[in-house]
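Fold and contact review
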Amino acid sequence: MKEKMQWPWPWRRRKVVVVVVLRKLLTCAICVIALMGLLSVRVHVFPSSKVSDLTDPYKLPTVTQQHELNYQKLSAEKKWTQELTPPHLSKEQAPPHLSKAPLSSHKLNGANGSLDFEKLWKQPSNHDFVPCVQPGSNYTAPDESRGYLLVHTNGGLNQMRAGICDMVAVARIINATLVVPELDKRSFWQDTSNFSDVFDEDHFINALANDVKVIKKLPKDLSSATKVVMHFRSWSGLEYYRDEIASLWEEFQVIRAAKSDSRLANNHLPPDIQKLRCRACYEALRFSPKIEAMGKLLVDRMRAYGPFIALHLRYEKDMLAFSGCTHGLSDVEAEELRTIRENTAYWKIKDINATEQRSRGYCPLTPTEVGIFLTGLGYPSNTPIYIAAGEIYGGDTHMADLRSRYPILMSKEKLASVEELEPFTNHASQMAALDYIVSVESDVFIPSHSGNMARAVEGHRRFLGHRKTISPDRKALVRLFDKIEKGLLMEGRKVSNRISEIHKKLQGSPRRRRGPVSGTKGMDRFRSEEAFYVNPLPDCLCKRVSENVNASTASMR
């Protein structure tokens, strides 16, 4: 009987190894096929829109339950308002803007290679600073009114906001009844909005009841009362208002402030007056319910993409004309801006050297420069960016390079339908208020210029816990940009490292408000100070002394 043939041991071992390898390859193949199947699942967009599909290649995705879990902690820290969204602003009417779901990788590729998700979006430490705006123990209800203070605000939204809050403090100092301020209708934007169109008038009056008496209109029996129109001296202190302005009550029943901006000093005022300014700005001066609701809706829609940057791109016609900045513009565009500046009477400086302005860091970054800056910081091309701005000068022509780097560029016009924005359209202050809300609530705020909007948002974000705000060092950046433009330097690791190093300490960490520049005198000394509403520390922010901090002190609206 023949014996059964036996394979030699080495051959049997090789056979086993081959079988094991084949099993592993088969398992991997099945996993890859399953993963591809999951990734190819269609993402649902918001329910049927009444607005026709726009040409933008991205469509807004639904916020899934998984997304809500991923960003639950982040969203909880970004609360803006408790107002319910009114029916005409419901998400049911939102036009679909995205056909692709945003990438949710925890590691994103930037100029430095793979940058950690946390590094890009991590908020600076607030070092236990919390709002402390409650008045001192000796603070009393407003004294008996000696007369009425009428206020005509001036400038854009954020210039008016600061002025209104200062006038609240002035009314307290001179024992006046404050009449709800009139908004500027004669500025560059020609906005016809009244106070109640932009702000919650009733809330403003009630929130300040223990500080200043505020009424909606001057009583009819005072329509013929003796009035005086005053241009309050800029950056004035307590003595000026108590001695010079309050003495006017002896002759007049009504004092009218012709302007409101920069009428009160930034520093060296009593603590209770400084805290009152913060209560007025961050608690009493709330936007109207329709603006707050629309702003919250825009924030929610941006949040659907994940963490996002709000970019205040101050590349608008009025800003460029005012500053005389023409870098990257055509001769025709530069001439148009010069003509606007020449024909705007209240812009005092007419002849401006554009090259010198830019070298000093006085010009807003161009969209192209912003793209280089963001890339240098390490933000990848799939970063969602909200453009907080009016109409960009030159439109797509000047935005093309930035869009090629960061295609997910959104704005209120892209996030909302024409019908949703209709109540705010043609009202510059109301449209700016929407941008303000999204900017305050963004994960990272970056202004291309240090104008009124940038300063106001930075201060508000500091008050709310020192949220990440990256302030470009434009003077240092221009030197880098010029070298890149001349071909003396190539974008890459070296440039990225330099940009990151320059801005390492310019991300919104707690610090005391800066005083005047050494050696300056007179009005220049006040102009060189950091504005009160840019940084409310130390007046309105205090170190947390215990876990049992008074709720009204530590709460963050």
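Basis of the calculations
- Residues numbered from 1 in each chain as written.
- Predicted model: local features only at pLDDT ≥ 70, side-chain atom pairs only at ≥ 80, totals over all residues.
- Heavy atoms only, no water.
- Disulfide = S-S within 2.5 Å.
- Helix = DSSP H or I, 4+ residues; strand = E, 2+ residues; numbered from the N terminus.
- Buried < 20%, exposed > 50% of the residue type's maximum accessible area, 1.4 Å probe, protein only.
- Expected span 1.5 Å × (residues − 1).
- Axes fitted to C-alpha atoms, helices over the stretch in contact; angles between N-to-C directions.
- Parallel < 35°, antiparallel > 145°, perpendicular 65-115°, else oblique.
- Contact = heavy atoms within 4.5 Å.
- Nonpolar A, V, L, I, M, F, W, Y, C, P; charged D, E, K, R; others polar.
- Patch = residues over 30% accessible without salt bridge, like charges linked within 9 Å, V, L, I, M, F, W, Y side chains within 5 Å.
- Areas by Shrake-Rupley, 256 points an atom, 1.4 Å probe, with all protein chains shown as cover.
- Salt bridge = Lys/Arg side-chain N within 4 Å of Asp/Glu carboxyl O.
- Lys, Arg positive; Asp, Glu negative; His and termini not counted.
- Charge placed at Lys NZ, Arg CZ, Asp CG, Glu CD.

Brief notes about the state of the cysteines
In the structure shown here, the tally under the stated rule is three disulfides. What pairs with C325 in a disulfide is C363, and their sulfur atoms sit 2.0 Å apart. With the S-S bond torsion at -90°, the cross-link from C325 to C363 turns out left-handed. Here the residue C325 occupies a position in the loop between α11 (317–323) and α12 (331–343), and C363 occupies one in the loop between α13 (354–359) and α14 (367–377), the gap between them amounting to 38 residues. C363 shares its class with C325; the two are buried. Regarding the disulfides, the protein chain carries the connectivity 1-6, 2-5, 3-4 under sequence-order numbering of its bonded cysteines. No disulfide involves C165; its sulfur sits 4.1 Å from that of C281, the nearest cysteine. The buried category is assigned to C165, whose relative accessible area is 1%.

Description of helix α10 (residues 289–303)
Over its 15 residues, α10 extends 21 Å from the first C-alpha to the last, a length consistent with the 21 Å expected when each residue adds 1.5 Å. Most of α10 sits out of view: 11 of its 15 residues are buried.

Here's the deal with the packing of helix α5 (residues 157–173) against helix α18 (residues 428–441)
At a minimum axis separation of 9 Å, α5 and α18 run at an interaxial angle of 85°. With respect to α18, the axis of α5 lies roughly perpendicular. Residues L157, N158, M160 and R161 of α5 pack against S429, A432, A433 and Y436 of α18. Residues belonging to the contact of α5 with α18 are distributed by class as follows: five nonpolar, two polar and one charged.

Examining a positive patch on the surface
On the surface, K475, R479, K483, K494 and R498 cluster together into a patch of positive charge. Those elements that place two or more of their residues in the positive patch are α20 (474–485) and α21 (493–502). The element contributing the most residues to the positive patch is α20, with three residues. Classification of R498 as partly exposed rests on a relative accessible area of 45%.

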